[in-house]
2 protein chains.
Amino acid sequence: MSASSSEESAGPASTVRRGRPGYDQRQILEIAVQVFIEQGYDATSVSSLADRLGLSKSALYHHYASKERLLELALDEAMGALEAVLLEPGAAAGSAGEQLEHVLRGAVRVLVDKLSYVTLLLRVRGNSDIERAALARRRGFDDQVTQLVRAAQAEGTVRTDIGAAVATRLLFGMVNSIVEWYRPSGPEGATELADDVLTVALDGLRTR
Amino acid sequence: MSASSSEESAGPASTVRRGRPGYDQRQILEIAVQVFIEQGYDATSVSSLADRLGLSKSALYHHYASKERLLELALDEAMGALEAVLLEPGAAAGSAGEQLEHVLRGAVRVLVDKLSYVTLLLRVRGNSDIERAALARRRGFDDQVTQLVRAAQAEGTVRTDIGAAVATRLLFGMVNSIVEWYRPSGPEGATELADDVLTVALDGLRTR
């Protein structure tokens, strides 16, 4: 189990114990996500998951009905947290430019807090109904951010020589890349990381 | 076969025919890359590859010794093109800031030209010696770009309040995201796309 997932499982959600020795529901999900990331979801068998957990297949099925259900819950964990950022007061307060800044900061925070879940989400390719549903939610999220970029362009706080959709994709290209290289044990915390993303996204690397 | 790979296979490299009907060496590689992207490399069997190509397994082995060899060639195609950008005259001419701009533009061009190969490269997780070798080459490339960012910081053309390594990762987060959403059939060409990336990376989205 990696440092990131054991940190996450130390949260309040890990108190949902089933009264049996070994892993609780939450920890099983955490470890399943790690295995999906390492082996690829499609290539992961229920047997290999059970092996990793030191559980029999039937014990694993006692906790979760299927591999698909684990994927569904993991993707919901990531998408739910991203969508929640759009509902925070800061995502509706001030200028559209300030709202956009709030949403980008919030997205970086979610990526750091739920690194493994978002990593899995970003690897989803639409090979099943569950994956397609998650992709549709991602598109919905992207659309809302694109509208925010468009509103910021209309009010004059964001440049208009780049299309709002391309700008949004480049912004989230930067944000999402965090899952590829960010390590919670490294020198940079979530706040500093968000500052760096916002600086590049809004002001660019060039000195002036 | 997708629009992108059939466009690529129309290039000069597709003239390496083996004098037998059906696919040539190059086209087999193109299609294999598509299948690896769709199904995941680990989850792709030689049988499913052969099925997709309408070849017997032994006919496929006549062209390529193994699935691993196809992966190796595909990753070399992507990394070779990226490394070649660093050897272009523009990557050594002018200020470090100008060199960095040249390299970013070149990387966008490679991503668009070799979309499927780079897509595969970016999905590599280090599950085999071939994958680990490709990851090591990627790190070498990133290191060279990081040195360029550092030189641009030293000469005063790139801001110094973001570390060179983080700046490089955010830049390539933006650049690499192109493989996730760029479609050759869309309205934006490689040059316009490179302009947009450079604009966000160097000047940011904020109006001034």
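Residues numbered from 1 in each chain as written. Chains lettered and ligands numbered in written order. Predicted model: local features only at pLDDT ≥ 70, side-chain atom pairs only at ≥ 80, totals over all residues. Heavy atoms only, no water.

**Notes on the overall build of chain A**
Working step 1: Along the backbone of chain A there are 10 helices and 0 strands.
Working step 2: Listing every helix and strand of chain A by position from the N terminus yields α-α-α-α-α-α-α-α-α-α.
Working step 3: A fraction of 63% describes how many contacts in chain A between residues 6 or more apart in sequence connect residues 24 or more apart.
Working step 4: Taken as a whole, chain A presents about 9000 Å² of accessible surface, with 51% of it coming from carbon and sulfur. (Helix = DSSP H or I, 4+ residues; strand = E, 2+ residues; numbered from the N terminus. Contact = heavy atoms within 4.5 Å. Areas by Shrake-Rupley, 256 points an atom, 1.4 Å probe, with all protein chains shown as cover.)

**What to know about the UniProt feature "DNA-binding region" (unreviewed entry) in chain A**
Working step 1: The sites that carry the UniProt feature "DNA-binding region" (unreviewed entry) are, in the present numbering, residues 45–64 of chain A.
Working step 2: With 75% helix and 0% strand, residues 45–64 of chain A has end C-alpha atoms that lie 14 Å from one another. (UniProt positions renumbered as here; feature names shortened; annotations may be inferred.)

**Quick look at the interface of chain B and chain A**
Working step 1: Each partner contributes residues to the interface: chain B has 35 residues there, and chain A has 35 residues.
Working step 2: Put simply, chain B and chain A have 4 salt bridges between them.
Working step 3: A salt bridge links Arg125(A) to Glu180(B); the nearest nitrogen and oxygen atoms lie 3.0 Å apart.
Working step 4: Summed over the shared surface of chain B and chain A, the number is 18 residue pairs in polar contact (both at pLDDT 80 or more).
Working step 5: Put simply, the parts of the chain that give the side of chain B that touches chain A at least two residues each are α2 (25–39), α9 (164–181) and α10 (190–203) of chain B.
Working step 6: Here the element with the most residues in the side of chain B that touches chain A is α9(B); it accounts for 10 residues.
Working step 7: Partitioning the side of chain B that touches chain A into residue classes produces 13 nonpolar, 9 polar and 13 charged. (Salt bridge = Lys/Arg side-chain N within 4 Å of Asp/Glu carboxyl O. Polar contact = N/O pair within 3.5 Å; in protein donor to acceptor, adjacent residues only side chain to side chain. Nonpolar A, V, L, I, M, F, W, Y, C, P; charged D, E, K, R; others polar.)

**Points about the pattern of salt bridges**
Residue and element names in this part refer to chain B.
Working step 1: Following the criterion strictly, the structure yields 28 salt bridges over all chains and no others.
Working step 2: Of the charged contacts, one joins Arg-105 and Glu-101 as a salt bridge, the two residues approaching to 3.8 Å between their closest N and O atoms. In this pair, Arg-105 and Glu-101 both sit in helix α6 (residues 96–113), 4 residues apart, roughly one turn of the helix.
Working step 3: You can call Glu-101 partly exposed: its relative accessible area is 24%. (Buried < 20%, exposed > 50% of the residue type's maximum accessible area, 1.4 Å probe, protein only.)

**Considerations on the relation of the copies chain B and chain A**
Working step 1: Mapping chain B onto chain A is achieved by rotating through 180° and translating by 0.0 Å along the same axis, at an RMSD of 0.0 Å. On this basis, the relationship between the two copies can be described by a two-fold rotation axis. If distances are taken from each C-alpha of chain B to the rotation axis, the shortest is found for Gly204(B), at 1.9 Å.
Working step 2: Here 97% of the contact residues of chain B are again contact residues in chain A; the copies associate through an equivalent surface. (Least-squares fit on C-alpha atoms with pLDDT ≥ 70 in both.)

**What about the environment of Trp181(A)?**
Working step 1: Position of Trp181(A) among the secondary structure elements: in helix α9 (residues 164–181).
Working step 2: Here Trp181(A) falls in the buried class, since its relative accessible area comes to 13%.
Working step 3: When near neighbours in sequence (up to four residues on either side) are disregarded, Trp181(A) contacts Leu193(A), Val166(B), Arg169(B) and Leu170(B).

**Things to note about the confidence of the model for chain A**
Any residue range with low pLDDT should be treated as having predicted coordinates unsuitable for detailed reading.
All names here are of chain A.
Working step 1: Here chain A shows a mean pLDDT of 89. Residues at 70 or above account for 90%.
Working step 2: Looking over chain A, one finds the lowest element-wise mean pLDDT in helix α1 (residues 3–9), namely 37, and the highest in helix α5 (residues 67–87), namely 98.
Working step 3: Predicted confidence for residues 1–20 stays below pLDDT 50, and this span has 33 contacts to residues more than four positions away or in other chains. (pLDDT = per-residue confidence, 0-100.)

**Notes on the packing of α6(B) against α10(B)**
Residues and elements named next belong to chain B.
Working step 1: Between α6 and α10, whose axes approach to 9 Å, the crossing angle comes to 140°. Judged by the angle between their axes, α6 and α10 are oblique. Crossing geometry of α6 relative to α10 is assigned as right-handed. Here Glu-101, Leu-104, Arg-105, Val-108 and Val-112 of α6 lie close against α10, whose contacting residues are Ala-190, Leu-193, Ala-194, Asp-195, Val-197, Leu-198 and Leu-202.
Working step 2: Considering only residue class, the contact of α6 with α10 consists of 9 nonpolar, no polar and 3 charged. (Axes fitted to C-alpha atoms, helices over the stretch in contact; angles between N-to-C directions. Parallel < 35°, antiparallel > 145°, perpendicular 65-115°, else oblique. Left-handed = near helix turned anticlockwise from the far one by under 90°.)

**Points about the side chain of Thr119(A)**
Working step 1: Relative to the elements of secondary structure, Thr119(A) occurs in helix α7 (residues 115–123).
Working step 2: Thr119(A) has contacts with Ile37(A) and Val179(A), leaving out every residue within four places of it along the chain.

**Considering empty space enclosed by the protein**
By rolling a water-sized probe across the atoms, one finds the places where empty space is left.
Working step 1: Scanning the entire structure with this criterion turns up 3 cavities of 30 Å³ or more.
Working step 2: Quantified by volume, the largest cavity comes out at close to 590 Å³.
Working step 3: Forming the walls of the largest cavity are 30 residues, and the residues nearest its centre are Gly40(A), Tyr41(A), Arg123(A), Gly40(B) and Arg123(B).
Working step 4: Elements represented by at least two residues in the lining of the largest cavity include exactly α2 (25–39) and α7 of chain A together with α2 and α7 (115–123) of chain B.
Working step 5: A per-class count over the lining of the largest cavity returns 14 nonpolar, 6 polar and 10 charged.
Working step 6: Taken together, Met79(A), Leu82(A), Val118(A), Leu121(A), Leu122(A), Arg138(A), Phe141(A), Asp142(A), Phe172(A) and Asn176(A) form the lining of the second largest cavity.
Working step 7: Grouping the amino acids of the lining of the second largest cavity by side-chain chemistry returns 7 nonpolar, 1 polar and 2 charged. (1 Å grid on protein atoms, 1.4 Å probe; cavity = no way out; pocket = protein on both sides within 12 Å on 5 of 7 lines; lining within 4 Å. Points joined across faces, edges and corners; volume = space filled by probe spheres on them.)

**Some points on the packing of aromatic side chains**
Working step 1: Summed over the entire model, instances satisfying the criterion amount to 4 aromatic pairs over all chains.
Working step 2: For the ring pair Phe36(A) and Tyr41(A), a centre distance of 4.8 Å and an interplane angle of 80° mean the geometry is edge-to-face.
Working step 3: Of the residues examined, Phe36(A) reaches a relative accessible area of 2% and is grouped as buried.
Working step 4: Consider the rings of Phe141(A) and Phe172(A), whose centres lie 5.6 Å apart with planes at 85°: the pair is edge-to-face. Separated by 31 residues along the polypeptide, Phe141(A) in helix α8 (residues 129–155) and Phe172(A) in helix α9 bring together distant segments of the chain.
Working step 5: The cationic tip of Lys67(B) hangs over the ring face of Tyr41(B); the distance from NZ or CZ to the ring centre is 4.2 Å. (Phe/Tyr/Trp six-rings, centres within 6.5 Å; stacked < 30°, edge-to-face > 60°. Lys NZ or Arg CZ within 6 Å of the ring centre and 35° of its normal.)

**Some details on the environment of Thr44(B)**
All names here are of chain B.
Working step 1: Topologically, Thr-44 is positioned in the loop between α2 and α3 (46–53).
Working step 2: Along the backbone, Thr-44 and Ala-32 are 12 residues apart, and their C-alpha atoms lie at a distance of 9.4 Å.
Working step 3: The contact partners of Thr-44, leaving out residues within four places of it in the chain, are Val-35, Phe-36, Gln-39, Leu-49 and Lys-67.

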